[in-house]
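These are the residues of each chain, in order.
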Amino acid sequence: MRIMRAYKTALNPNSQQRGAFMQHSGTARFVYNWALADRIERYEAGDPTNLYEQKRRFNALKDEQFPWIRKTAYCTTEEAFHHLDTAYKNFFRRVKLGKAEKGFPRFKSRKRGIGSFTMRGRIHIERGRIKLPRIGWVCLKEKGYLPTNGAKILSVNISERAGRWFASAQVEMDIPDPEPGTGEPIGIDLGIKTLAVCSDGTTFENPKPLAQQERKLKRLQREFARRQRGSKNREKTKRKIARCHAKIADIRKHALHNASYHVTAKTKPSTVVVEDLNVKGMMANHHLAKAVADASFGELRRQIEYKGQWYGVDVVVADRFYPSSKTCSGCGSKKPLLRLSERQFVCEECGMIIDRDLNAALNLASLANGANRETHGDCLRS
Ligand SMILES: [Zn+2]
């Protein structure tokens, strides 16, 4: 089976290569900003442009106006145009969905860091080094981590963080076709207080450092509000907030990997049933909790989907209107109302008392079975 995967690893560039990295990052930033300014200008002039038309005009004038761009690999320019195009597409998608945060593309500033650049084309990997267009062989900090056997490198993003350089490679490679999973289907219920509850009884708590970081974030946000606009200290706090957000995302992602590993590779069920993206979001009225839960849901879905593919597990998404929380997993009767504060599900029909989240997970799991496929057939989509 042919799959796509990303690998991120630290680089060990020499000083000349560091210089080249800076130069390429500069090109990527410049081209991105040029393309963004050009789009805005064209839009305001009533003559909107697009990716290909823009690239053509840029290539026609770059040798005369920006001759230094020739010092960097052509693919970097090319990729910067594509990045902006993607940013625009994401913006339009959010507008269409009516999201509060539209996220119009922003100009990249050197003040916000060196940034990154992407390369595509003639990229080669050996055990201890990677060959990049124009830059040549760069040493890797960790030998043998990037795949070499029959793997095709689609693109590499080179980025800097706190003085260290990293390569993130998109790789296409073959893995053995997995044996289809044979275990009992598993339903997974994602929550805000508890990260996830699986129908086999396994519970994934939110990691402790997460709560610590969230408290820290709140403190920093109060600090930010106190600081004078335009002051150095306000800028400092802003950077701290960004780092805190990144840390929280990392911790969550890690925890989600645990859960997605459990419901795929570890237990090898025939099917995993996950809820649709918006269910939990609608339940939570707290703004931050909602945003976090949405993001977790998306990331968990993504992880379960690709791991399901790797390990031969069917992944099914329950319809957003399937009442997984309000239905009794014992007898199938439905409650008209279930308050968020009710942590136990008490069935008035059959008398079953069960943890609310486990009940929801069991209901999701049952959607994978033939019996319920008939009754809730329209609740399923693959
Ligand atoms: Zn019941």
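Up top is the structure.
Residues numbered from 1 in each chain as written. Predicted model: local features only at pLDDT ≥ 70, side-chain atom pairs only at ≥ 80, totals over all residues. Heavy atoms only, no water.

Asker: Summarise the coordination of the zinc ion; cite the residues concerned and give the values.
Answerer: Here the zinc ion is held by the protein donor atoms Cys 328 (SG), Cys 331 (SG), Cys 347 (SG) and Cys 350 (SG), which lie 2.3 Å from it. Here the zinc ion binds 4 donor atoms, and the angle range of 107 to 112° at the metal identifies the geometry as tetrahedral. Every donor residue of the zinc ion comes from the same chain, spaced as C-x2-C-x15-C-x2-C. (Donors = N, O, S within 2.8 Å, 3.2 Å for Na, K, Ca; no water. Tetrahedral: all angles 85-135°; square planar, octahedral: opposite > 155°, others 65-115°.)

Asker: Give a detailed account of the packing of helix 4 (residues 208-226) against helix 5 (residues 232-266), specifying residues and quantitative values.
Answerer: One can describe the packing of helix 4 onto helix 5 by two numbers: an axis separation of 9 Å at closest approach and a directional angle of 160°. Classified by the angle between their axes, helix 4 and helix 5 sit roughly antiparallel to one another. Every pair of crossing elements has a handedness; the one defined by helix 4 and helix 5 is left-handed. Along the contact surface, helix 4 presents Pro 209, Leu 210, Gln 213, Glu 214, Lys 216, Leu 217, Leu 220, Gln 221, Glu 223 and Phe 224, while helix 5 presents Arg 234, Thr 237, Lys 238, Lys 240, Ile 241, Cys 244, His 245, Lys 247, Ile 248, Ile 251 and Arg 252. The residue makeup of the contact of helix 4 with helix 5, split by class, is 9 nonpolar, 4 polar and 8 charged. (Axes fitted to C-alpha atoms, helices over the stretch in contact; angles between N-to-C directions. Helix = DSSP H or I, 4+ residues; strand = E, 2+ residues; numbered from the N terminus. Parallel < 35°, antiparallel > 145°, perpendicular 65-115°, else oblique. Left-handed = near helix turned anticlockwise from the far one by under 90°. Contact = heavy atoms within 4.5 Å. Nonpolar A, V, L, I, M, F, W, Y, C, P; charged D, E, K, R; others polar.)

Asker: So what's going on with the sheet that holds strand 7 (residues 164-174)? Residues and values would help.
Answerer: Taken in spatial order, the 7 strands line up as 2-6-7-1-5-4-3 in an open sheet, and their pairing is antiparallel. Each end of this open sheet is capped by a strand with a single partner; those strands are strand 2 (116-120) and strand 3 (124-126). Here the strands of the sheet are splayed against their neighbours by 30° on average, with no regard to which way each runs. Sheet analysis places strand 6 (residues 152-161) next to strand 7, joined by 9 bridges and oriented antiparallel. Note on strand 7: the bridge partner recorded for Ile 153 is Val 171. The strands touched by helix 1 (residues 15-44) are strand 1 (2-12), strand 2, strand 4 (129-132), strand 5 (136-140), strand 6 and strand 7; relative to strand 2, the strand with the most contacts, the crossing angle is about 95°. Of the strands in this sheet, strand 2 and strand 6 touch helix 3 (residues 74-96), which is tilted by about 110° from strand 2. (Pairing = 2+ DSSP bridges.)

Asker: Give a detailed account of the environment of Arg 70, specifying residues and quantitative values.
Answerer: Tracing the backbone through its elements, the reader meets Arg 70 in the loop between helix 2 (51-65) and helix 3. Separated by 79 residues in sequence, Arg 70 and Asn 149 place their C-alpha atoms 33 Å apart. In contact with Arg 70, other than residues within four places in its own chain, are Lys 62, Asp 63 and Arg 134. At a separation of 2.8 Å, a polar atom in the side chain of Arg 70 contacts the side chain of Asp 63. (Polar contact = N/O pair within 3.5 Å; in protein donor to acceptor, adjacent residues only side chain to side chain.)

Asker: Give a description of the packing of helix 1 against helix 3 that names residues and reports values.
Answerer: For the pair helix 1 and helix 3, the least separation of the axes is 8 Å and the interaxial angle reads 45°. When the axes of helix 1 and helix 3 are compared, the pair comes out oblique. The hand of the helix 1/helix 3 crossing is right-handed. Contacts between helix 1 and helix 3 pair His 24, Thr 27, Ala 28, Val 31, Tyr 32, Trp 34, Ala 35, Leu 36, Arg 39 and Ile 40 from the former with Thr 76, Thr 77, Ala 80, Phe 81, His 83, Leu 84, Asp 85, Ala 87 and Tyr 88 from the latter. Across the contact of helix 1 with helix 3, the residue classes tally to 12 nonpolar, 5 polar and 2 charged.

Asker: Describe in detail helix 4, supporting the description with residues and values.
Answerer: A turn of α-helix holds 3.6 residues, and therefore any two residues three or four places apart point the same way. Taking 1.5 Å per residue, 19 residues should reach 27 Å; helix 4 reaches 28 Å between its end C-alpha atoms and fits that length. Buried residues of helix 4: Leu 210, Gln 213, Leu 217, Leu 220 and Glu 223, and no others. Considered in projection along helix 4, the buried side chains sweep an arc of 135° and stay on one side of the axis. More than 90 degrees from the buried face of helix 4, the exposed residues found are Lys 208, Arg 215, Arg 222, Ala 225 and Arg 226. Elements in contact with the buried residues of helix 4: helix 5. (Expected span 1.5 Å × (residues − 1). Buried < 20%, exposed > 50% of the residue type's maximum accessible area, 1.4 Å probe, protein only. Arc of directions from axis to C-beta.)

Asker: For the packing of aromatic side chains, give the residues involved together with the corresponding values.
Answerer: Within this structure, the stated rule accounts for 15 aromatic pairs. Relative to Phe 81, the ring of Phe 58 has its centre 5.3 Å away and its plane inclined at 75°; by these criteria the two rings are edge-to-face. Pair noted here: Phe 58 is in helix 2 and Phe 81 is in helix 3, with a separation of 23 residues, a long-range link. Here Phe 58 and Phe 81 have matching classes, each one buried. On the basis of an interplanar angle of 65° and a centroid distance of 6.4 Å, the ring pair of Trp 310 and Tyr 311 is categorised as edge-to-face. Among the aromatic residues, ring-to-ring pairing joins Phe 30, Trp 34, Phe 58, Phe 66, Trp 68 and Phe 81 into one connected group. Cation over ring: Lys 8 sits above Phe 166, and NZ or CZ is 5.4 Å from the ring centre. Residue placement shows Arg 129 over the ring face of Trp 137; its charged tip is 3.8 Å from the ring centre. (Phe/Tyr/Trp six-rings, centres within 6.5 Å; stacked < 30°, edge-to-face > 60°. Lys NZ or Arg CZ within 6 Å of the ring centre and 35° of its normal.)

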